Amino acid sequence: RMILAKAADRRRYERGLVDLRQEAERALGEERNTAELRDQFIAVLGHDLRNPLTGVMGVADYLQREPLSEKGVRMVRLMKAGAQRMAGLIDNVLDFARGRLGGGIPVELDAHASVERTLLQVVDELRVSYPEREVVAELHVTGSVPLDHRRIAQLLSNLLGNALVHGRSEDPVEVCLDGSRPERVTFVVSNGGAIDPAALPRIFDPFRGGDRSGGRGGLGLGLYISQQIARAHGGRIQVEPPRNDRTVFRVELPRHGA
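Residues numbered from 1 in each chain as written. Predicted model: local features only at pLDDT ≥ 70, side-chain atom pairs only at ≥ 80, totals over all residues. Heavy atoms only, no water.

### Looking at helix 4 (residues 149-166)
Taking 1.5 Å of rise per residue, the 18 residues of helix 4 would be expected to cover 26 Å, and the 25 Å separating its terminal C-alpha atoms lies within 8% of that figure. Within helix 4, 16 of the 18 residues are buried, which leaves it mostly tucked inside the rest of the structure. N-capping of helix 4 is provided by aspartate 148, with a side-chain oxygen placed 3.2 Å from the backbone N of arginine 150. (Helix = DSSP H or I, 4+ residues; strand = E, 2+ residues; numbered from the N terminus. Expected span 1.5 Å × (residues − 1). Buried < 20%, exposed > 50% of the residue type's maximum accessible area, 1.4 Å probe, protein only. Polar contact = N/O pair within 3.5 Å; in protein donor to acceptor, adjacent residues only side chain to side chain.)

This is the structure:
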């Protein structure tokens, strides 16, 4: 039997295969260039934003060791609190860039450092930043927990800062750490005032989580980054349904690590 086909059709088919291969090679090259550009962008952004901020923090630390008037002490405290908040915003922006551009949020687990000490340091820093607010902390954990302590501090700082900014000022903000269970550790951050139920389904979306009180939450990345940090540890974060006119965020992390 014999099959006849036009040579022109065959040549078009072969040219199409060559074109597709060349297009795939171009796309692969562009992807590699994009990955390199992503890494350069994150590195430059982090460097250019952190360096001047480090200088501001250094000046604030120096002034705190100098004899100052009561007003001067208050001004330095406000300056340092503002610099710490800016550092947190930079961390959130960089983590958002890593996550959305393909780098993800890395974690380095440490089972030896004290979880209570890490969280208490965050609480103390924010108490200094918000001296007019009451923060009640109950931190209890037994045994070791493999966590990335820098990331967990970032997570708590986001949640606690969010509670201090958006919570009802006359009510205390509560931070509770329960590490008594063998399979997981749980910590809860709660504040007075309830979130609008209509906002709950998208509370962890980027650029949306911080606008529940008139846009006072900065970039709106804090809750999104906190969720990504919890997931990177193999855990989860959730906001509980409003009750007793309080907002409650619960974080559960496994003891076995990420």
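### A short note on the packing of helix 3 (residues 115-129) against helix 4
Running from amino to carboxyl end, helix 3 crosses helix 4 at an angle of 35°, the nearest separation of the two axes being 9 Å. Between helix 3 and helix 4 lies a crossing of right-handed hand. Residue-level inspection shows Val115, Thr118, Leu119, Val122, Val123 and Leu126 of helix 3 in contact with helix 4, the latter providing His149, Ile152, Ala153, Leu156, Ser157, Leu160, Gly161 and Leu164. Grouping the amino acids of the contact of helix 3 with helix 4 by side-chain chemistry returns ten nonpolar, four polar and no charged. (Axes fitted to C-alpha atoms, helices over the stretch in contact; angles between N-to-C directions. Left-handed = near helix turned anticlockwise from the far one by under 90°. Contact = heavy atoms within 4.5 Å. Nonpolar A, V, L, I, M, F, W, Y, C, P; charged D, E, K, R; others polar.)

### A few points about a nonpolar patch on the surface
On the surface, a cluster of nonpolar side chains totalling about 340 Å² of accessible area is made up of Tyr13, Leu17 and Leu20. Residue placement: tyrosine 13 occurs in helix 1 (residues 7-64). On the basis of relative accessibility, which here comes to 48%, the residue tyrosine 13 falls in the partly exposed class. (Patch = residues over 30% accessible without salt bridge, like charges linked within 9 Å, V, L, I, M, F, W, Y side chains within 5 Å. Areas by Shrake-Rupley, 256 points an atom, 1.4 Å probe, with all protein chains shown as cover. Salt bridge = Lys/Arg side-chain N within 4 Å of Asp/Glu carboxyl O.)

### Considering the pairing of strand 4 (residues 236-239)
Alternating positions in strand 4 separate cleanly, Ile237 and Val239 being buried on one face and Arg236 and Gln238 remaining unburied on the opposite face. Looking at chain direction, strand 4 and strand 5 (residues 246-254) are connected through four bridges and run antiparallel. If you follow glutamine 238 over to strand 5, its bridge partner there is arginine 250. Hairpin connection of strand 4 to strand 5: six residues between the antiparallel strands, including asparagine 244 at a positive phi of 55°. (Pairing = 2+ DSSP bridges.)

### Points about the pattern of salt bridges
Throughout the structure, instances matching the rule amount to twelve salt bridges. A salt bridge links arginine 21 to glutamate 25, with the shortest nitrogen-to-oxygen separation between them at 3.5 Å. Residue arginine 21 and its partner glutamate 25 are both found in helix 1; the two are separated by four residues, about one turn of the helix. You can call arginine 21 exposed: its relative accessible area is 61%. Taking the shortest distance from any N to any O, the salt bridge between arginine 250 and glutamate 240 comes out at 2.6 Å. Of this pair, arginine 250 sits in strand 5 while glutamate 240 sits in the loop between strand 4 and strand 5; the two residues are ten residues apart in sequence, bridging distant segments of the chain. Here glutamate 240 falls in the buried class, since its relative accessible area comes to 12%. One network of salt bridges, in which partners are shared, links Arg168, Glu170, Asp171 and Asp245.

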